[in-house]
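Working through the structure, step by step
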Amino acid sequence: MIHCYKLGGLNIVLDVYSGSVHLVDEVAYDIISMYETETLEQITEKILAKYGALPDVTAEEIKACFEEIGELKQAGKLFKEDTFKPMAGDLKQKSAGIVKALCLHVAHTCNLNCSYCFASQGKYHGDRAIMSLEVGKRALDFLIENSGSRRNLEVDFFGGEPLMNFDMIKELVAYARKREKEANKNFRFTLTTNGILVDDEVIDFANREMSNVVLSLDGRKEVHDRFRVDYNGVGSWERIVPKFQRFVEKRGNKNYYMRGTFTHANPDFVKDIEEMLSLGFTELSMEPVVCAPDDPSALTEQDLPIVLEQYEKLAFLMLDCIKQGKPFTFYHYMLDLKSGPCIYKRISGCGSGTEYMAVTPWGDLYPCHQFVGEERFRLGNVWTGVENTAVQDEFAACNVYTRPECENCWAKLYCSGGCAANAYHATGSVNGIYSYGCELFRKRMECAIMLEAAKTVGK
Amino acid sequence: MKRIQTLDTKNLCESAKNGGCGECQTSCQSACKTSCGIANQECENADK
């Protein structure tokens, strides 16, 4: 399968199953699009009719190009057949029984009251709660016990607002540092915060212990303060921005992301990216809101073309910034064509419900943070492990080849079939697809590949 | 004339042979939390 598209003045041909990317001129672009269905004679006739006025487009040239395409096909770099499908189940089985990442819900409560929050202000449709140190320690022990030979173990301090349980986080990290030496593991922690409780102690601790911090900022003040308000309805932008600037300044070269959400109220989110840049932030992520379709903040069909155009605009902004010597990172455009993920990762996806689970303040296990509160999906708990094997099996069997809608999608090895939670909320099945999200994802991948191609050719 | 430029990319078929070490980051542990994109994850296979 190939995907041919034009963006940023480049003609791009992606060969899906080899992962090869080709930059081609107009003539080759047209020949490739006809190669599998027409003869050389038919192609020559059509190409000469379209480009014959150009001095370098002759029958000999067309034949040479046709032969070059044949050589690429022979080398497995064009029209590569799908050899992965038969092994998809086996590849995913490589991780069977292994847990390597936990999302720790250390606080099911929040000091902000954002109406668009998928976690319903941190409560996940349940009671407010704080995770005890005992539950936290048991969760880490559960992770170590079930991690097999995996050395790198990931733990995300999540909420609600995790800093509302900061004392426990500090004690738990100290416990983890002791346990990782005993067990020959390497804990990588992430903290996701709304910034309200960030102070110098938090900054110093996080910059020492957290591999990554995710700082929630929606961009422009009026955009951010539309949703991200406290319980008095007062916007949080002015309180958090100086704290985040200090946080990032003191973080040096350690990973962080400014993570925004865009909604129906700001489909023109590139302006929010520009605001983040003007505030001095360079590691950026901007996510489409996840909410019920009847929620006023939900993205609509009318928003879709605007959002798609914004993704292209963002890609061009990135190229401009590179030329100006002020590059920045956009999470969804990070793409390493040379040493990115292997086919196993591309088929199996995020590992929700198998390699990756969420832990509630009470120690219950769920397939991921987005399923917390959905009783049907409760897997078990950190003391007795996974008991609901039927649900775990459902997730374990889930891969890019189990979703019929993905079969003819060129982007399937970049999204692994998409997010199970998004699919469930859109279709009622974790094996469904969230087609609106697919549209956005495909555009993001087109932009990401174009950016890598443009950087390669110095455009 | 050269009409096709092939970029240097990872060979996915080759990666089936020694891939799957599982040491790379879980995609949702980074910045998104509400979507699945694995293409931006860095390979950490020591034997690659």
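Procedures and definitions
Residues numbered from 1 in each chain as written. Chains lettered and ligands numbered in written order. Predicted model: local features only at pLDDT ≥ 70, side-chain atom pairs only at ≥ 80, totals over all residues. Helix = DSSP H or I, 4+ residues; strand = E, 2+ residues; numbered from the N terminus. Rg over C-alpha atoms; globule rule 2.2 N^0.38 Å. Buried ≥ 20, exposed ≤ 12 C-beta atoms within 10 Å, placed from the backbone. Contact = placed C-beta atoms within 7 Å. Nonpolar A, V, L, I, M, F, W, Y, C, P; charged D, E, K, R; others polar. Pairing = 2+ DSSP bridges. Right-handed = clockwise from strand over helix to strand, strands pointing away. Arc of directions from axis to C-beta. Axes fitted to C-alpha atoms, helices over the stretch in contact; angles between N-to-C directions. Parallel < 35°, antiparallel > 145°, perpendicular 65-115°, else oblique. Left-handed = near helix turned anticlockwise from the far one by under 90°. Domains from an automatic or database assignment. Core = buried A, V, L, I, M, F, W, Y, C linked by C-beta atoms within 7 Å.

1. Digging into the overall build of chain A
Counting its secondary structure elements, chain A contains 16 helices and 15 strands. For chain A, the C-alpha radius of gyration of 24 Å lies close to 23 Å, the compact-globule estimate for 459 residues. Dimensions of chain A, computed from C-alpha atoms along their principal axes, come out at roughly 75 × 45 × 45 Å. Per-residue burial over chain A gives 48% buried out of 459 residues.

2. A closer look at the interface of chain B and chain A
Counting residues at the interface gives 40 residues for chain B and 74 residues for chain A. Only β1 (4-6) and α1 (12-18) of chain B provide two or more residues apiece to the side of chain B that touches chain A. If one sorts the elements of the side of chain B that touches chain A by residue count, α1 of chain B sits on top with four residues. The residue inventory of the side of chain B that touches chain A, partitioned by class, reads 14 nonpolar, 19 polar and seven charged. Across three bridges, the pairing between strand β3 (residues 21-24) of chain A and β1 of chain B is antiparallel. Residue Val-24 of chain A lies in a different strand from β1 of chain B, and its bridge partner there is Ile-4 of chain B.

3. Observations concerning the pairing of strand β8 (residues 210-216) of chain A
Residues and elements named next belong to chain A. The buried fraction of β8 is high, at six of seven residues. Across five bridges, strand β7 (residues 186-193) lies against β8 in parallel orientation. If you follow Thr-192 over to β8, its bridge partner there is Val-214. Crossover connection from β7 via helix α7 (residues 200-209) to parallel β8: handedness right-handed. Where β8 lies against strand β9 (residues 255-262), five bridges are found, and the strand directions are parallel. From the neighbouring strand, Leu-215 faces β9, where its bridge partner is Met-258.

4. Considering helix α13 (residues 389-396) of chain A
Residues and elements named next belong to chain A. Listed in full, the buried residues belonging to α13 are Val-391, Gln-392, Phe-395 and Ala-396. One face of α13 carries all of its buried residues, which in axial projection span an arc of 140 degrees. α13 presents Ala-390 and Asp-393 as exposed residues on the side facing more than 90 degrees away from its buried surface. Residues of α13 that are buried sit in contact with α4 (88-93), β15 (385-386) and α15 (420-427).

5. What to know about the environment of Ala-16 of chain B
For Ala-16 of chain B, the position within the fold is in helix α1. Note on Ala-16 of chain B: 18 C-beta atoms within 10 Å, which makes it partly exposed. Beyond its immediate chain neighbours, meaning those up to four positions away, Ala-16 of chain B contacts Phe-84, Met-87 and Ile-343 of chain A.

6. Describing helix α1 (residues 26-35) of chain A
Taken together, the buried positions of α1 of chain A are occupied by Val-27, Ala-28, Asp-30, Ile-31, Ile-32 and Tyr-35 of chain A. Of the surrounding elements, those touching the buried residues of α1 of chain A are β1 (2-7), β2 (10-15), β3, α2 (40-51) and α3 (59-74) of chain A together with β1 of chain B.

7. Looking at unusual backbone geometry
Residue and element names in this part refer to chain A. In the segment running from Gly-159 into Gly-160, the intervening peptide bond is cis, with an omega of 10 degrees. As for its placement among the helices and strands, Gly-160 is situated in the loop between β6 (152-159) and α6 (166-183). For Tyr-124, which is not a glycine, the phi torsion comes out positive at approximately 50 degrees. Examined against the element boundaries, Tyr-124 turns out to sit in the loop between β4 (101-108) and β5 (129-130). Tyr-124 gets classed as buried once you count the C-beta atoms within 10 Å, which come to 25.

8. Some points on the packing of α1 of chain A against α3 of chain A
Residues and elements named next belong to chain A. Orientation of α1 relative to α3, taken along the N-to-C sense of each, is 60 degrees, at an axis distance of 10 Å. Between α1 and α3, the crossing angle belongs to the class labelled oblique. In this structure, α1 crosses over α3, and the sense of that crossing is right-handed. Counting all contacts with α1, which are made through Val-27, Ala-28, Ile-31, Ile-32 and Tyr-35, the residues of α3 involved are Ile-62, Cys-65, Phe-66 and Ile-69. Residues that form the contact of α1 with α3 fall into these classes: nine nonpolar, no polar and no charged.

9. Points about the domain arrangement of chain A
On domain assignment, one finds that chain A holds domain 1 (2-81) and domain 2 (95-333). Between domain 1 of chain A and domain 2 of chain A, the C-alpha centre-to-centre distance is 43 Å.

10. Topic: the environment of Gly-252 of chain A
By the element assignment, Gly-252 of chain A lies in the loop between α9 (237-251) and β9. For Gly-252 of chain A and Val-229 of chain A, which are 23 residues apart along the polypeptide, the C-alpha to C-alpha distance reads 29 Å.

11. Details of the nonpolar core
Residues and elements named next belong to chain A. Judged by nonpolar contacts, the single largest core of 147 residues is most densely connected at Ile-31 and Leu-104. Counting residues per element, this core draws most heavily on helix α16 (residues 435-456), at 10 residues. Here this core spans two domains, and each of domain 1 (2-81) and domain 2 (95-333) adds at least three residues to it. Excluding residues that lie within four positions of it along the chain, Ile-31 makes contacts with Ile-43, Ile-47, Ile-62, Cys-65, Phe-66 and Ile-69.

12. Examining the pairing of strand β12 (residues 356-359) of chain A
Residues and elements named next belong to chain A. Neither face of β12 is open: one carries Tyr-356 and Ala-358, the other Met-357 and Val-359, and all of them are buried. Pairing between β4 and β12: four bridges, direction parallel. Pairing of Cys-103 across the sheet is with Ala-358, part of β12. Relative to strand β13 (residues 364-366), β12 is paired through two bridges, and the arrangement is antiparallel. Paired with Ala-358 across the bridge in β13 is Tyr-366. Hairpin remark: β12 followed by β13, antiparallel, with four residues in the connecting loop; positive phi at Gly-363, about 90 degrees.

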